[in-house]
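# Observations on the model geometry
Residue-level listing of the chains:
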Amino acid sequence: MKRTDWAKDEIESLKQEGRYIPIRTIGSPQGPYVRIESDTYLNMCSNNYLGFANHPDIRRAAIEAIEKYGVGAGAVRSIAGTIDLHRQLEEKVAEFKHMEGAVVYQGGLLANIAAVPVLVNKQDVVFSEELNHASIIDAVRLSSARKYVYKHMDMDDLERNLKEHRREGKKALIISDGVFSMDGDITPLKEITELGERYDAMVYVDDAHGEGVLGDHGRGIVDHFHLSDRVDVEMGTFSKALGSMGGFVSGSSSLMDLMKQRSRPFLFSSALNAGDTAAVMKAISILEHDDTPLKRLWSNAEKLKNELADFGFDTGKSKTPITPVMIGSEKKTLELSQLLYKEYKIFASPIVYPTVPRGTARIRLMPSAAHSPDDISIATEAFRKAGRSLGIIS
Ligand SMILES: *Cc1c(COP(=O)(O)O)cnc(C)c1O
């Protein structure tokens, strides 16, 4: 008998509810195909949008940085962990994003946890979109600000909340995902900035799934809507389209200065490694000069959605490459994912509660610039056969 035996019961109930997620272990680089145990699978569920996770030039940049700087940053940014590469990357990100300044963190989740508590505290009020990423929800909790949740994409509801509650806070912050990671729809950022201006609320957007996907040469959601002088904070990750690791916050120079004095992951968690930092810098340089991977991503996404729709699948209301195949039932979703994996060698993870609301389980497909059009057809054909045999489509 161990004092942690309660964990066994919780695992058992997850299994009963069909919410126990099998965790696959990969033995190859990320790419259109991955090695899992002794087989090769078509990879349809990683966020490696542009194929940068194993890009030869980006790998080389990381290797060269490791040769020059070694593997570990050795300390937090504020003590002895800041290297010239961090400063260069911060300048590059700010320039790429058309923002005044940027601060680099060790991940996107950490960037949110860093920034929100600097922006607001218990005297302030936050208006948070209903489907915001878990890291925003946690960041808002950590800030101790009073929180009001507005309905998904619903600007009337946001305005109603602002009208009713703006005065409860000294400062106010509206915070939203740019692209919603599980649905692929895009937040109406222009309307949000207008409401922010009208009600004196700062506007913060999380561009994790917009980076390298939306805007001119993948500059992201703020560029997509031409709002760089009106959005207060654009935050993002380097771990999705940019292919490696890390995150950032961008905004005014003085706000960035304050982030370096106050944000806890900057002060209390060791800095991003040189290899990752150099890799991100290279990824941005490639994007600036060449948007063919971006175009390939979008044409693969269009093909994927069209073929799935032709076969009778519901792919939701995505406006981006994120392609949710909506199933509903948690159990059915796990069954479909299993069948695709076992019979068709398609790697497509199930997404269930609590990542998405109960009863809206789905398989979220992520096309990539690394896929060929034939890879996309192989995936959709497998969905057609597996979907029929489970009675999901007719
Ligand atoms: C993935 C994601 C993050 C976290 O980014 P990491 O770099 O993986 O920590 C934050 N916000 C959103 C919306 C995301 O999709």
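Our subject in this report is the structure included herewith. Being a predicted model, the structure only gives us computed values, none of them experimental. (Residues numbered from 1 in each chain as written. Predicted model: local features only at pLDDT ≥ 70, side-chain atom pairs only at ≥ 80, totals over all residues. Heavy atoms only, no water.)

## So, the environment of I192
With respect to the secondary-structure elements, I192 resides in helix α8 (residues 189-199). Residues I192 and I174, spaced 18 residues apart in sequence, show a C-alpha to C-alpha distance of 7.8 Å. (Helix = DSSP H or I, 4+ residues; strand = E, 2+ residues; numbered from the N terminus.)

## A word on the sheet that holds strand β10 (residues 323-328)
Within the open sheet, the three strands sit side by side as β10-β13-β12. Their pairing is antiparallel. Taken across any chain shown, the strands that pair with only one partner, and hence form the sheet edges, are β10 and β12 (350-351). Looking at chain direction, β12 and strand β13 (residues 361-365) are connected through two bridges and run antiparallel. Each bridged residue has a counterpart across the sheet, and for I351 the counterpart in β13 is R362. (Pairing = 2+ DSSP bridges.)

## Looking at the site of the ligand
The full set close to the ligand counts 14 residues, and G108, L109, D206, T237 and K240 are the nearest of them. Residue G108 places a main-chain N or O atom 2.7 Å away from an oxygen atom belonging to the ligand. Between an oxygen atom of the ligand and a side-chain N or O atom of S239, the distance comes to 3.1 Å. Within the complex, the protein chains bury 84% of what would otherwise be the 380 Å² of accessible surface of the ligand. Considering only residue class, the shell around the ligand consists of two nonpolar, nine polar and three charged. (Near = heavy atom within 4 Å. Polar contact = N/O pair within 3.5 Å; in protein donor to acceptor, adjacent residues only side chain to side chain. Areas by Shrake-Rupley, 256 points an atom, 1.4 Å probe, with all protein chains shown as cover. Nonpolar A, V, L, I, M, F, W, Y, C, P; charged D, E, K, R; others polar.)

## Describing α8
Listing the buried residues of α8 in full gives L189, I192, T193, L195, G196 and Y199. Within α8, the buried residues cover an arc of 160° as seen down the axis, which keeps them to one side. Looking at the buried residues of α8, the elements they touch are β5 (146-150), α7 (155-165), β6 (172-177), β7 (202-206) and α9 (221-224). Just past α8, the residue D200 takes up positive phi, approximately 55°. (Buried < 20%, exposed > 50% of the residue type's maximum accessible area, 1.4 Å probe, protein only. Arc of directions from axis to C-beta. Contact = heavy atoms within 4.5 Å.)

Treat this as a map of the structure, not an account of what it does.
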